[in-house]
Protein chains: 2
Amino acid sequence: MIRKYVVSSAQMGPISRQDTRQDCVNRMLEMMKEAAAKGSRFIVFPELALTSFFPRWIIEDQAELDTWFETSMPNADTMPLFEMAKALNIGFNLGYAEKIVEGGETRYFNTAILVNQAGEICGKYRKIHLPGHDEPQPGRRHQHLEKRYFEQGNLGFPVTPMLDTRIGMLICNDRRWPEGWRVLALQAAELVCLGYNTPDDHSGFEEVDALADFHHLLSMQSGSYLNSVWSIATAKCGLEEGSSLIGNSAITAPSGQIVAQSETLEDEVINAEIDLDMAKQYRQTFFDFGRHRAPENYQLISKRRMALPEPDDT
Amino acid sequence: MIRKYVVSSAQMGPISRQDTRQDCVNRMLEMMKEAAAKGSRFIVFPELALTSFFPRWIIEDQAELDTWFETSMPNADTMPLFEMAKALNIGFNLGYAEKIVEGGETRYFNTAILVNQAGEICGKYRKIHLPGHDEPQPGRRHQHLEKRYFEQGNLGFPVTPMLDTRIGMLICNDRRWPEGWRVLALQAAELVCLGYNTPDDHSGFEEVDALADFHHLLSMQSGSYLNSVWSIATAKCGLEEGSSLIGNSAITAPSGQIVAQSETLEDEVINAEIDLDMAKQYRQTFFDFGRHRAPENYQLISKRRMALPEPDDT
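Values in this document were obtained by computation on a predicted structure and should not be read as measured data.

Caption draft 1: Looking closely at the pattern of salt bridges. All names here are of chain B. Scanning the entire structure with this criterion turns up 48 salt bridges over all chains. One salt bridge in this structure joins glutamate 98 and lysine 124, with 2.6 Å as the shortest N-O distance. On the criterion of sequence distance, the pair formed by glutamate 98 in strand 3 (residues 91–102) and lysine 124 in strand 5 (residues 121–126) is long-range, its members being 26 residues apart. Judged by its relative accessible area of 3%, glutamate 98 is buried. Note on lysine 124: relative accessible area 28%, which makes it partly exposed.

This is the structure we're talking about:
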């Protein structure tokens, strides 16, 4: 079986506070058509692709906050994406804010789904590495309140069989945590998709902000290389409600080489033909986990949360 | 306390089969003097710095194999390094092949030590991620028999307090395994040193070999960035006994930026003034482990060795 096909990253420019779900979905439908015309079988949309990046704002009113969340998926606004996927025979990955009643409690997650070529949801991930703060930070031009508005994901790092491969999802800040990549790779993921909204104007350190694009690409390239997986990273980018978001959407090979990269800070589709069997060059040599990994020496990773200047207690 | 000082990487060009330990030590002494003249307080030498990279050869005779190993440290040949360290007030990291009797058994390790400014051994690491094979691979111009000649390290990933900081050691191929870096970071390492002998002519895939330098730097830069640590990587390099070894010795900041890099494939000292407190910009924001890590989701890393297309069994 030849496992070689075109995949796409559908970068989105800014979404304003006033834009409706329909506005966003219409932009995504245009890009889905463009990708399908190139023969693409899979397209990755950004994190929180249906709204402006609302965690930058302090929102005190729960009813107002709730307006940023989806309570079902698909819903009337997003159904056209599912229908188009089926019509064009193209799978997709979509990020959105999820409000759900589970165990009698209302819960809020930063969520991504995989939708197959039949237009059916076949995988769901809820973001684990939420960045930012749960309390507003005084003196900042923009907040980053993901820890306030979302609960930490409760689905682990699932891998979904689809498109003759196994796909894992990460969301934005997850790319900086080698553990997430590795848990996906240990479940034989071959392709990782990741949407993001990454501001470069409010880490609190200008010199860190100045490296935001470099850090994004370094994380994607090392994540792909060290785990022998293809990756597709998709930005929402540009100047959104006064906050600057990086672009540089990228499709990266298991070699760590970027094979397609966006050039704008606007809606832009990038495509690449990927050979899923390319990873074997790495998985049979440097990264043959069975021959080389030494889990008995990794115990601290799953036992200790913080860095502590104390002897290994494992 | 200002924790800012000069550190050095002492890259070595090829060591021939005929070169003696004294030959190698003399080259290292020259570089130690050069570094000290620049005010350096710490110098990192390569992996297996006292001999040619003998795992490229099939050595059937145990007595012959044993000649490549050190049975004590310091020994008569290496004592001048320890004396010079004390005289110049400079610590060092040295890699060598270690033969030792432990529990009544003769054991062989690919080892690195830390020596403090008093010329005393204060830390030891034995390489865990041994690359290559335990049986000769037919048809190869060079072998890579580390798994044949060395046992997997049995000291875990220790961190040593020294030079107003905490130093971790990795060796060569370890840099490609995010787990090693992370176990060091979780013990509050702030500086990681790594010697290497990295051939770019025998992975079995030409296109992989062609990326050897890129993969080396990608591993060092991501290891430093994702763990908020300084790193010092030191090559043995050049055409050694017909095998091509990469250079690109590098000192890398917690930002992932390379601040010093070798330019030759010969003996070459590179220096950089490092600010150990620079890492706080990262450890207080993106990489605040205590706020962001989620060990309950990382269990597979320490439980499963191989990649398996099966449900998470944790």
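Having put the structure on the table, let's press on.
Caption draft 2: Region of the structure containing the pairing of strand 8 (residues 191–197) of chain B. All names here are of chain B. Strand 8 sits mainly inside the fold: 7 of its 7 residues count as buried. Covered by surrounding structure in strand 8 are Leu191, Cys193, Gly195 and Asn197 together with Val192, Leu194 and Tyr196, the residues of both alternating faces. Bridge count for strand 7 (residues 165–171) against strand 8 is 5 bridges, and the pairing is parallel. In the strand pairing of strand 8, leucine 170 is matched with leucine 194. In this region the chain leaves strand 7, passes through helix 5 (residues 178–186) and returns to the parallel neighbour strand 8; the handedness of that crossover is right-handed. Here strand 8 runs beside strand 9 (residues 230–236); their pairing, made up of 7 bridges, is parallel. If you follow glycine 195 over to strand 9, its bridge partner there is threonine 234.

Caption draft 3: Highlighting the relation of the copies chain B and chain A. For the pair chain B and chain A, the superposition axis carries a translation of 0.0 Å, the fit reaches an RMSD of 0.0 Å, and the rotation angle comes to 180°. Here the transformation between the copies is reduced to the relation of a two-fold axis. Mapped onto chain A, 100% of the interface residues of chain B again fall at the interface, so both copies present the same surface.

Caption draft 4: Structural view of the environment of glutamine 11 of chain A. Residues and elements named next belong to chain A. Assignment of secondary structure puts glutamine 11 in strand 1 (residues 4–11). Placed 40 residues apart in sequence, glutamine 11 and threonine 51 show a C-alpha to C-alpha distance of 14 Å. Polar contacts involving the side chain of glutamine 11 include one to the main-chain carbonyl oxygen of threonine 264, which spans 2.9 Å.

Caption draft 5: Up close: the packing of helix 5 (residues 178–185) of chain A against helix 7 (residues 212–227) of chain A. Residues and elements named next belong to chain A. Running from N to C, helix 5 and helix 7 cross one another at 35°; their axes reach a closest spacing of 10 Å. By crossing handedness, the relation of helix 5 to helix 7 is classed as right-handed. Of helix 7, the residues touching helix 5 (which contributes Trp181, Arg182 and Ala185) are Ser219, Met220, Gly223, Ser224, Leu226 and Asn227. Considering only residue class, the contact of helix 5 with helix 7 consists of 4 nonpolar, 4 polar and 1 charged.

Caption draft 6: The packing of aromatic side chains, seen in detail. Using the criterion set out here, one finds 30 aromatic pairs over all chains in the structure. Ring geometry for tyrosine 125 of chain A and phenylalanine 157 of chain A: centres 5.7 Å apart, planes at 20°, overall stacked. Taken together, the residues tyrosine 125 of chain A in strand 5 (residues 121–126) and phenylalanine 157 of chain A in the loop between helix 4 (146–149) and strand 6 (159–162) connect sequence positions 32 residues apart. In this structure tyrosine 125 of chain A comes out as buried when scored by relative accessible area, which is 0%. An angle of 85° between the planes, with centres 6.1 Å apart, marks the rings of tyrosine 225 of chain B and tyrosine 282 of chain B as edge-to-face. With tyrosine 225 of chain B in helix 7 (residues 212–227) and tyrosine 282 of chain B in helix 8 (residues 280–283), this pair connects stretches of sequence that are 57 residues apart. As far as burial versus exposure is concerned, tyrosine 225 of chain B and tyrosine 282 of chain B are alike and both buried. The rings of Phe54, Trp57, Trp68, Phe69, Tyr108, Tyr149 and Phe150 of chain A are connected pair by pair, giving a single aromatic cluster. We note arginine 175 of chain A situated over the ring of tyrosine 196 of chain A; from NZ or CZ to the ring centre the distance is 4.7 Å.

Parameters and conventions
- Residues numbered from 1 in each chain as written.
- Chains lettered and ligands numbered in written order.
- Predicted model: local features only at pLDDT ≥ 70, side-chain atom pairs only at ≥ 80, totals over all residues.
- Heavy atoms only, no water.
- Salt bridge = Lys/Arg side-chain N within 4 Å of Asp/Glu carboxyl O.
- Helix = DSSP H or I, 4+ residues; strand = E, 2+ residues; numbered from the N terminus.
- Buried < 20%, exposed > 50% of the residue type's maximum accessible area, 1.4 Å probe, protein only.
- Pairing = 2+ DSSP bridges.
- Right-handed = clockwise from strand over helix to strand, strands pointing away.
- Least-squares fit on C-alpha atoms with pLDDT ≥ 70 in both.
- Contact = heavy atoms within 4.5 Å.
- Polar contact = N/O pair within 3.5 Å; in protein donor to acceptor, adjacent residues only side chain to side chain.
- Axes fitted to C-alpha atoms, helices over the stretch in contact; angles between N-to-C directions.
- Left-handed = near helix turned anticlockwise from the far one by under 90°.
- Nonpolar A, V, L, I, M, F, W, Y, C, P; charged D, E, K, R; others polar.
- Phe/Tyr/Trp six-rings, centres within 6.5 Å; stacked < 30°, edge-to-face > 60°.
- Lys NZ or Arg CZ within 6 Å of the ring centre and 35° of its normal.

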